[in-house]
Each structure stands twice: as structure tokens, then as C-alpha cells.
Amino acid sequence: MMDFTDEQRMIQEMVGKLSREKIAPLAKEADVSGRPSPEILRILAENDLFKMALPEEYGGIKADYTTIALVVEEMAKVDASTSMTFFPTQAVIKILDRWGSERLKRHFFSKMSEGDKVCAFSMTEPNYGSNASSIQTSAILEGGYFRVNGTKCFVTNGGIAHFILLFVRTGEGEKEKGISALLVESGNTPGLSVGKQEDKLGLRGSDLSELIFEDARVPKENLIGRAGGGWDIFLDGGSDMR
Ligand SMILES: Cc1cc2nc3c(=O)[nH]c(=O)nc-3n(C[C@H](O)[C@H](O)[C@H](O)COP(=O)(O)OP(=O)(O)OC[C@H]3O[C@@H](n4cnc5c(N)ncnc54)[C@H](O)[C@@H]3O)c2cc1C
């Protein structure tokens with residue numbers, strides 16, 4: 001059996017109570033509407049849940065994956081959609097913390113510390129799901145920017161995310177050797193638009209969207225890790241997430 005710390009038990013209890021008392025009454029309406037509930041997003045933000053994984057100096061508690069899993073479980077007991085909305089934000093923070101440059105972390109973490117920011121993790125494309133190492137969305141370095149072209153699909157939080165961890169083909173080599181990871185700021189990226197929002201059978205209160213990049217410009221400083229190093233980030237982040 002797993003032993004939890006006092007802090008983990010306290011968080012588990014707090015999130016369980018919050019979920020039962022505040023999220024459960026809103027879950028059905030979000031499910032029927034097929035969209036995340038703005039009210040639930042506000043509750044998560046007000047209770048500092050989106051920034052849990054941030055380092056302490058940015059207002060987080062640097063939550064580990066065990067703590068994050070406890071939170072996901074408590075939310076999912078009343079509304080799996082809310083846990084789906086919550087989780088990618090923690091995963092992206094943890095990946096940035098491990099792989100991002102100090103400059104990128106400072107920029108991203110200070111925005112995330114506002115508490116109401118949501119993240120998405122975007123690998124899947126219409127023709128490449130399980131076969132992720134073949135993705136085609138391209139990013140070509142031109143001066144101070146990557147020019148990004150392609151379509152991503154099935155992006156949890158894609159339509160509501162402020163930041164997107166985006167996997168692209170930068171072409172240093174074949175298949176996984178030519179993939180890089182970029183941090184995309186959705187409100188500050190000309191050429192990025194949200195496409196189809198999936199009308200799902202389940203998890204209807206969680207956003208699942210298409211993202212379309214048409215000559216989108218992403219600053220070269222938003223490269224995470226090294227060019228061609230995206231697959232390592234995907235495997236490392238992905239196995240932690242699972
Ligand atoms: C609710 C939901 C949320 C998601 N959120 C995200 C997200 O936030 N970010 C993101 O990037 N993606 C996301 N995805 C996409 C998800 O990662 C893909 O659906 C997944 O990678 C599978 O890809 P696919 O749907 O194209 O299925 P396919 O790859 O076409 O697979 C279909 C079936 O074929 C099987 N199969 C595939 N290849 C083989 C093989 N070589 N041998 C034997 N069997 C095989 C698979 O196991 C599966 O059963 C989400 C999907 C869902 C449903």
C-alpha cells in the first residue's frame with residue numbers, strides 16, 4: 001500500500017470536499033452543453049489548483065505526480081471532465097520545469113502564477129495518433145521565429161488553453177529524430193486558430209479541439225530543450241503523465 005504525506009492527505013481531503021460541494025452541482029450543465037464550465041474554471045483558479053505544480057516562488061507547491069494523481073482522482077469521482085481540464089496544465093508545468101530554459105521558465109511561470117491560466121499538450125494529428133513519431137506539422141526557423149504550419153487534433157483544452165506545448169517537425173533527422181517541442185502562447189500567436197471542437201459521447205465538459213497553424217509565428221526562444229530533442233521530452237513527459 002502507498003503511504004501519503006500529511007500534505008497529500010490534506011490536499012486530497014480539500015479537493016474531495018471542493019469537488020463534492022462546488023463542482024458536482026455544475027457538472028451536469030457542462031456535460032449537457034458540451035463545453036467546459038466557466039464557473040468550474042473559476043473555482044479551480046480561485047483555489048490555486050491550476051498552479052499546484054509551479055515552484056514555490058511562483059505561488060505553487062511544486063506538486064509531484066502522486067499529489068496530482070490524488071487531485072485528479074478526487075475530481076474524477078464527481079466529474080471526470082474537470083479532472084481532464086485540470087491535468088494537462090500540471091503536466092505542461094512539470095515538463096517546462098524539467099526541460100525549459102531559465103528565460104522561458106521565468107516568462108511562463110510568472111504568467112502561470114496568475115492562477116487562471118490553462119495549458120494543453122499537443123502531439124496528435126489527423127493522420128498520426130499512435131504513430132506519433134511521423135507527425136507532419138512543420139516549424140521552420142526564419143530569423144527570430146519558427147514559422148509553423150499544420151493541423152493538430154484531439155487537443156484537450158485546445159480551445160481554452162493560454163499555453164500549448166506543441167510538438168513539431170523541425171527536420172534535424174527522420175521520424176523521432178526531427179521532432180522539437182515549442183511553447184505556444186495562444187493569445188499572442190498570429191496564424192493560430194481553433195478549428196473543430198469535438199462533440200463527444202463522454203467527457204463532454206472537457207474541451208477537445210483541433211488547432212490550425214497557418215504560417216503561425218512562434219519566437220525561437222520558445223523552443224523547449226534542443227532542436228530535434230522533442231521526442232525525448234515527449235517520452236519523458238508522457239511516461240510521467242501515464
Ligand atoms: C478524450 C481524448 C483526449 C485526448 N487528448 C489529447 C491531448 O491532449 N493531446 C494529444 O496530443 N492527443 C490527445 N488525444 C489523442 C490520443 O492521444 C490519440 O487518440 C491516440 O494517440 C491514438 O491515436 P488515434 O486516435 O489516431 O488512433 P490510432 O492510432 O488510429 O489507433 C486506433 C486503434 O488501432 C490500434 N493500433 C494503432 N497502431 C497499431 C499497431 N501498429 N499495431 C496494432 N494496433 C495498432 C490502437 O491501439 C487503437 O486501438 C486524446 C484522445 C482522446 C480520445
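Structure's up top.
Residues numbered from 1 in each chain as written. Predicted model: local features only at pLDDT ≥ 70, side-chain atom pairs only at ≥ 80, totals over all residues. Heavy atoms only, no water.

**Examining the site of the ligand**
So, point 1. Around the ligand lies a shell formed by M84, F121, S122, M123, T124, G129, S130, F154, T156 and L208.
So, point 2. In the environment of the ligand, a nitrogen atom lies 3.2 Å from a nitrogen or oxygen atom belonging to the backbone of F154.
So, point 3. T156 is positioned with one of its side-chain polar atoms (N or O) 2.8 Å from a nitrogen atom of the ligand.
So, point 4. About the coverage of the ligand: the protein hides 39% of its 980 Å² of free accessible area. (Near = heavy atom within 4 Å. Polar contact = N/O pair within 3.5 Å; in protein donor to acceptor, adjacent residues only side chain to side chain. Areas by Shrake-Rupley, 256 points an atom, 1.4 Å probe, with all protein chains shown as cover.)

**Describing the packing of helix α1 (residues 6-33) against helix α2 (residues 38-46)**
So, point 1. For the pair α1 and α2, interaxial distance at closest approach is 9 Å and the crossing angle is 160 degrees. As far as their axial angle goes, α2 and α1 are roughly antiparallel. Taken as a pair, α1 and α2 cross one another with a handedness that is left-handed. Contact residues: L18, K22, I23, L26 and A27 in α1; E39, I40, I43 and L44 in α2. (Axes fitted to C-alpha atoms, helices over the stretch in contact; angles between N-to-C directions. Helix = DSSP H or I, 4+ residues; strand = E, 2+ residues; numbered from the N terminus. Parallel < 35°, antiparallel > 145°, perpendicular 65-115°, else oblique. Left-handed = near helix turned anticlockwise from the far one by under 90°. Contact = heavy atoms within 4.5 Å.)

**A closer look at α2**
So, point 1. Where α2 is concerned, the buried positions are I40, I43, L44 and A45.
So, point 2. Buried residues belonging to α2 abut α1, α3 (65-78) and α4 (80-99).
So, point 3. At the C-terminal side of α2, D48 shows a positive phi close to 60 degrees. (Buried < 20%, exposed > 50% of the residue type's maximum accessible area, 1.4 Å probe, protein only.)

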